[in-house]
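What follows is each chain in one-letter form.
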Amino acid sequence: MAVLLFSAEQQQKFDSGLVEILSHYPADRKSAAMLPALRLLQSLKGWLPPAGLEQVAERLGTTREKAYEVATFYVMFFTRQPGKYVLDVCTNLSCSLRGAEKVLAALEQKLGLKAGSANDRFTLRETECLASCGTGPCLQVNEDHHESLTPAKLDALVATFT
Amino acid sequence: MIEVEKVITKNWGRPGSNTLDGYRSTGGYRALEKALAQAPAQVTEEVKRSNLRGRGGAGFPTGMKWGFVPKDNPKPVYLAVNADESEPGTFKDRYILENDPHLLLEGIAITCYALNCHQAYIYSRGEFKGPSATLDRAIAEAYAAGIFGKQLMGKPFALDVYQVRGAGAYICGEETALLESLEGKKGWPRLKPPFPAVVGLFGAPTVVNNVETLANVPAILDRGAAWYAGLGTEKSGGTRLICLSGSVNRPGVYECSMKTTLKELIFEPTLGGGMPPGRQVKAVIPGGSSAPVLSADELDVAMEFEALKAKNTMAGSGGVIVMDDATCLVRSLWRVARFYAEESCGQCTPCREGTPWQTRILRKIEEGRGEAGDLELLLHVASTIAPFPPIGLGNTICALGDAAALPVHSFVSKFKLEFQSHIAQRKCPFGDAPWGHFGGFA
Ligand SMILES: Cc1cc2nc3c(=O)[nH]c(=O)nc-3n(C[C@H](O)[C@H](O)[C@H](O)COP(=O)(O)O)c2cc1C
Ligand code: SF4
Ligand code: FES
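In this text the structure is predicted, and so the values were computed from the model without any measurement.

Undergrad: Would you mind going over the overall build of chain A with me for this structure?
TA: In terms of helices and strands, chain A carries seven helices and five strands. A buried classification covers 52% of the 162 residues belonging to chain A. If you take every contact in chain A between residues at least 6 apart in sequence, the share linking residues at least 24 apart comes to 60%. For chain A, the exposed area adds up to about 7500 Å²; of that, 54% sits on carbon and sulfur atoms. Positive and negative side-chain charges in chain A, numbering 17 and 18 respectively, have mean positions lying 2 Å apart.

Structure below.
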């Protein structure tokens, strides 16, 4: 038997969320809502599973291929399930001038994982400028922003991971 | 240093500055009322006379851009607000969204009225979880107060303002890639012309403006174009938000006079507060990582469009990045080059192929594997993407190509010795401390 994509409650959230999203687009331009729709799907499932992409495409009156094309273009969309914690460390110039490479090295050591790799618990990535250059070094954990990092702050953050 | 009246940052740090009540308590939405009492064309005229220029990167005159929207066209007009803020070194729009979102929303409302636009999309970068939530709260407040919705502040003018969050792609800050993304596609820039003001979102006329640009509009309507123009220089009205980062004591966003120089920015006690102990300035990027670099003896220049253009660089997005004498510039350029290679959308051959080659050659030099001829090869690759100077001759669909090539041309020509010594010594002279770290993660 096929595994259901959504629980009843999730399905309800997905349906009502899509109605709200589509109210901001011209009626004949439903497929324009692709980014908000994928974001909605990812907020419910933690990633973009194939059945979900299919459902988004169908609701927006477009093809599964189009949904994949968009999903794979943007780094914040996951077409594979990421670790429980996704860590994006900015190593662009301003942050590197304030120690970003050391932040990354410290995380690699603490998490036992190389940048650019993942396990069930963690996905550790270098990322590009997060528009927080005056308060670097900085990183995001599941999209939550952490800035002006010090070794003590990083320790405290890592201690919150379960 | 020239003191200037604050236009954008005047409410920052005030309690409740990001709420409707807080905004209204300092005269918020008064400018919208003034605008609504005028004809739309008059509002555009006022913005033209204010000499407001775009703060997103190119410095294009805002009123003139609005004037390009065809009159009597049968299609709707759209406003796309560029809140994608991803140019390395730039973090001002984040602060506007966090500290004074209604300033942007009032600017949007006035702009939509002037353009006869009934649908505005704010495209914010996907990583702005916090700022986006603050903005969405402000939008909801404006709806609840009857500012947006079926009527515009009681006037029969429907306006929907909707925030769309991006999902992590620098290229979507480029205005036509942004429109593609708003249409639900991957961010591939479009060939221009036609320009968005004529053929933009859904094939309809669309004005694309940066967050800071629109945040200036309320003050222009409230205080008048002459006052606003008078704050700036002959060709550029108002103040500028400068984002200061890198090796400097007081990084942050500062609202400056257009006449403030880079030297003042770095050394004034109320601004950058000087260099960390024992350090000297070596190089400064004046307008986001795409802007050609300046050397320490070129800092007596006003941070303004025309003045920086005269130095073969640009005011760009206002991102000023300071590198000190303990910083390896080969490594710095390598990191910048890697950014453009990562973010190239892959549509044009010179950019798609050239940006990774620039990165590989720089890596080779930084890692001590550089050989005679590498610098010439590097400059050749950069020239294939975009020759320099002047700025703006790129061989590609969008200006990301230029942005990737300009740093290479400028770093190598201004700091040739440092590149050559990496090659001659077959190692990085800065050893394991190429960034000369200081600060929290020293
Ligand atoms: C590669 C690239 C990235 C850009 N990124 C941004 C950005 O993040 N934010 C922005 O406002 N403008 C960005 N721009 C400039 C926009 O294309 C456009 O000129 C600007 O949004 C127009 O607004 P303005 O006239 O108010 O400055 C970028 C341009 C290029 C070529
Ligand atoms: S210049 Fe680069 S980023 Fe711009 S359209 Fe061409 S390949 Fe894409
Ligand atoms: S360089 Fe790290 S936030 Fe900009």
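We are not done yet, so read on.
Undergrad: I would appreciate a short explanation of the overall build of chain B in the present structure.
TA: Along its length, chain B carries 18 helices and nine strands. The C-alpha radius of gyration of chain B comes to 22 Å, within 12% of the 22 Å expected for a compact globule of 442 residues. Along the first, second and third principal axes, the C-alpha atoms of chain B reach 70 × 45 × 40 Å. Taken across its 442 residues, chain B has 64% of its residues classed as buried. In chain B, of all internal contacts separated by at least 6 residues, the share reaching a separation of at least 24 is 72%. Working note: accessible area of chain B is about 15400 Å², and carbon and sulfur atoms make up 55% of it.

Undergrad: Could you clarify how one ought to interpret the nonpolar core in this entry?
TA: Within soluble globular proteins, side chains that are nonpolar tend to cluster in buried spots. If you look at the biggest cluster of nonpolar residues, it comprises 86 residues, and the most contacted ones within it are Tyr25(A), Leu38(A), Tyr74(A), Tyr121(B), Leu182(B), Met323(B) and Phe419(B). Residue contributions to this core peak at eight residues, all from helix α14 (residues 329-343) of chain B. Leave out the neighbours within four places in its chain, and Tyr25(A) touches Ala32(A), Ala33(A), Pro36(A), Tyr121(B), Tyr162(B), Val164(B), Leu182(B) and Phe202(B).

Undergrad: Could you clarify how one ought to interpret the sheet that holds strand β3 (residues 160-165) of chain B in this entry?
TA: Backbone hydrogen bonds hold the strands of a sheet together, and the pairing may be parallel or antiparallel. Residues and elements named next belong to chain B. Strand order in the open sheet formed by four strands is β3-β2-β1-β4, and the pairing between neighbours is parallel. Two strands in the sheet have a free side with no partner beyond their single neighbour: β3 and β4 (206-210). Strand after strand, the sheet turns through a mean of 20 degrees between neighbouring axes, direction not considered. Relative to β3, strand β2 (residues 119-124) is paired through six bridges, and the arrangement is parallel. Bridge pairing links Tyr-123 to Val-164 in β3.

Undergrad: Sorry, what's going on with the interface of chain B and chain A here?
TA: Accessible area lost on assembly of the parts is the figure often given for the size of an interface. Chain B puts 63 residues into the contact, and the matching count from chain A is 50 residues. When the two sides are added together, the surface that chain B and chain A hide from each other amounts to roughly 4600 Å², 57% of it contributed by carbon and sulfur. The tally of links between chain B and chain A comes to six salt bridges. Measuring nitrogen to oxygen at the nearest pair gives 2.7 Å for the salt bridge that ties Glu126(A) to Arg338(B). At the level of secondary structure, the elements contributing two or more residues to the side of chain B that touches chain A comprise α5 (92-99), β2, β3, α8 (175-182), β5 (239-246), β9 (319-324) and α14 of chain B. A per-element tally of the side of chain B that touches chain A places α14(B) first, with eight residues.

Undergrad: Looking at this structure, I do not really get the site of ligand 1. What am I missing?
TA: Residues and elements named next belong to chain B. Surrounding ligand 1, one finds 18 residues, the nearest of these being Gly-56, Lys-65, Asn-82, Asn-210 and Thr-213. With respect to ligand 1, the side chain of Asn-209 contributes an N or O atom lying 2.9 Å from an oxygen atom. When isolated, ligand 1 has an accessible area of 610 Å², and the protein chains bury 90% of it. Among the elements that make up the shell around ligand 1, the one with the highest residue count is β4 (three residues). Residues that form the shell around ligand 1 fall into these classes: four nonpolar, eight polar and six charged.

Undergrad: Just to check I follow, could you spell out the environment of Cys95(A) for this structure?
TA: Residues and elements named next belong to chain A. Summarising the element assignment, Cys-95 is placed in helix α5 (residues 93-96). C-alpha of Cys-95 to C-alpha of Thr-135: the two residues are 40 residues apart in sequence and 8.2 Å apart in space. Residues in contact with Cys-95, not counting those within four places in the same chain, are Cys-90, Ala-100, Gly-136, Pro-137 and Cys-138.

The rules behind the values
Counting from 1, residues in each chain are numbered in the order their sequence is written. Labels follow written order: the first chain is A, the first ligand is 1, and so on. Given that the model is predicted, a residue must reach a pLDDT of at least 70 before its local features are reported, and side-chain atom pairs must reach 80 or more before they are shown or counted; all residues, however, enter totals for whole chains, interfaces and linings. Only hydrogens and water are set aside when side-chain values are computed; all heavy atoms of the structure are taken into account. Helix and strand assignments come from DSSP, with helices taken as H or I runs of at least 4 residues and strands as E runs of at least 2, each series counted from the N terminus. Relative accessible area decides the class of each residue, using a 1.4 Å probe on protein chains only: under 20% of the type maximum gives buried, over 50% gives exposed, and in between gives partly exposed. Whether two residues are in contact is decided by their heavy atoms, any of which lying within 4.5 Å being enough. Reported accessibility uses the Shrake-Rupley method at a 1.4 Å probe radius. Residues are deemed covered only where the shown protein chains occlude them. Under the counting rule used here, the positive set is Lys and Arg, the negative set is Asp and Glu, and His together with the chain ends is not counted. Positions of charges follow a simple convention, taking NZ of Lys, CZ of Arg, CG of Asp or CD of Glu. C-alpha atoms define the radius of gyration, and 2.2 Å times the number of residues to the power 0.38 defines the globule rule. For the purposes of this section, nonpolar cores are sets of buried Ala, Val, Leu, Ile, Met, Phe, Trp, Tyr and Cys residues that join through side-chain atoms within 4.5 Å. Each pair of strands is called paired provided DSSP finds at least two bridges between the two strands. Note on geometry: axes are lines fitted to C-alpha atoms, helical ones only across the stretch in contact, with angles between N-to-C directions running from 0 to 180 degrees. Two parts placed together each lose some accessible area; with a 1.4 Å probe, that loss summed over both constitutes the buried area. We define a salt bridge as a side-chain nitrogen of Lys or Arg found within 4 Å of a carboxyl oxygen belonging to Asp or Glu. Distances are taken per atom, and a residue is near a molecule or strand as soon as one of its heavy atoms is within 4 Å of it. For this analysis, a polar contact is any N or O atom pair within 3.5 Å, provided that within protein one partner can donate a hydrogen and the other can accept it, and provided that sequence-adjacent residues contribute only side-chain to side-chain pairs. Residue classes follow a fixed rule: Ala, Val, Leu, Ile, Met, Phe, Trp, Tyr, Cys and Pro count as nonpolar, while Asp, Glu, Lys and Arg count as charged, and any other residue, Gly among them, counts as polar.

On their own, these measurements won't tell you what the molecule is for.
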